[in-house]
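Structure assessment
Each chain, letter by letter, is given below.
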Amino acid sequence: MDSGVDERKSPKGFRIRVIMDSLRFTIMTPGGFPELLHGSIDPIPTPRVVFLGSQFELGHFPLGDLTFVNAKEGKMVIPYQYGESHDMKTILIPAESQADMLPVIIYNFKNTKDITTQSVIMGLAKHVVIDETLPKNEMVGIKVRYPLTNVYIQKKKL
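Source: prediction; values computed, not measured.

Glancing now at the pattern of salt bridges. Counted according to the given criterion, the structure contains 3 salt bridges. Here Arg 8 ties to Asp 6 by a salt bridge, and the two come within 3.0 Å at their closest N and O atoms. Note on Arg 8: relative accessible area 36%, which makes it partly exposed. A salt bridge links Arg 17 to Glu 7; the nearest nitrogen and oxygen atoms lie 3.5 Å apart.

The next point concerns the side chain of Thr 149. Inspection of the secondary structure assignment puts Thr 149 in the loop between helix H3 (136-145) and strand S12 (150-154). On the basis of relative accessible area, Thr 149 is assigned to the buried category, the value being 3%.

Our next topic: the sheet that holds strand S3 (residues 24-28). The strand order across the open sheet built from 4 strands is S1-S2-S3-S4, with neighbouring strands paired in antiparallel fashion. Edge positions in the sheet fall to strand S1 (5-9) and strand S4 (44-45), since each has one partner strand and no second. Taken together, the 5 bridges between S1 and strand S2 (residues 15-19) define a ladder with antiparallel strand orientation. Residue pairing in the sheet places Arg 8 in a bridge with Ile 16 of S2.

Turning our attention to the pairing of strand S10 (residues 101-109). Judged by how many residues are buried, S10 sits mostly within the fold: 9 of 9 residues are covered. By the bridge criterion, 5 bridges tie strand S5 (residues 48-52) to S10 in an arrangement that is parallel. Residue pairing for S10: Phe 51 is matched across the bridge by Asn 108. With 5 bridges connecting them, strand S7 (residues 66-72) and S10 associate as antiparallel partners. Paired with Val 69 across the strands is Leu 102, a residue of S10.

Scoring rules and cut-offs
- Residues numbered from 1 in each chain as written.
- Predicted model: local features only at pLDDT ≥ 70, side-chain atom pairs only at ≥ 80, totals over all residues.
- Heavy atoms only, no water.
- Salt bridge = Lys/Arg side-chain N within 4 Å of Asp/Glu carboxyl O.
- Buried < 20%, exposed > 50% of the residue type's maximum accessible area, 1.4 Å probe, protein only.
- Helix = DSSP H or I, 4+ residues; strand = E, 2+ residues; numbered from the N terminus.
- Pairing = 2+ DSSP bridges.

As structure tokens, this is what we get:
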């Protein structure tokens, strides 16, 4: 295996190949055919997911580094803990692939001051999961500043 490539085989036989210097990836189906992502077989950027809020606990991930998560029915399954609960919750984030495992880079920022110093990361982030306790004007500010980013508001379950 090339040292500049991280290649994994999923439990269902998909081959995910990440080019490490560009963090772009391709997927081969179990039948050996390239999966079309974004209408192309060219490598596409690894999705970046930002969790924003002091209540998220993501210590089980190597934050800011490439990792792989399970996927189901075209959605990445990302586990996290929230608040004082030790129960593991999951968020399902849309992904174009039908693979059962996908590459992702996850970040966890505690407040909006943290993201202002990380504008490059925020510019690359495709998805932002926001704690519902964040003030509404800050949520709107994120959507205005990063209009192409999908924003998900995590509500506390009673």
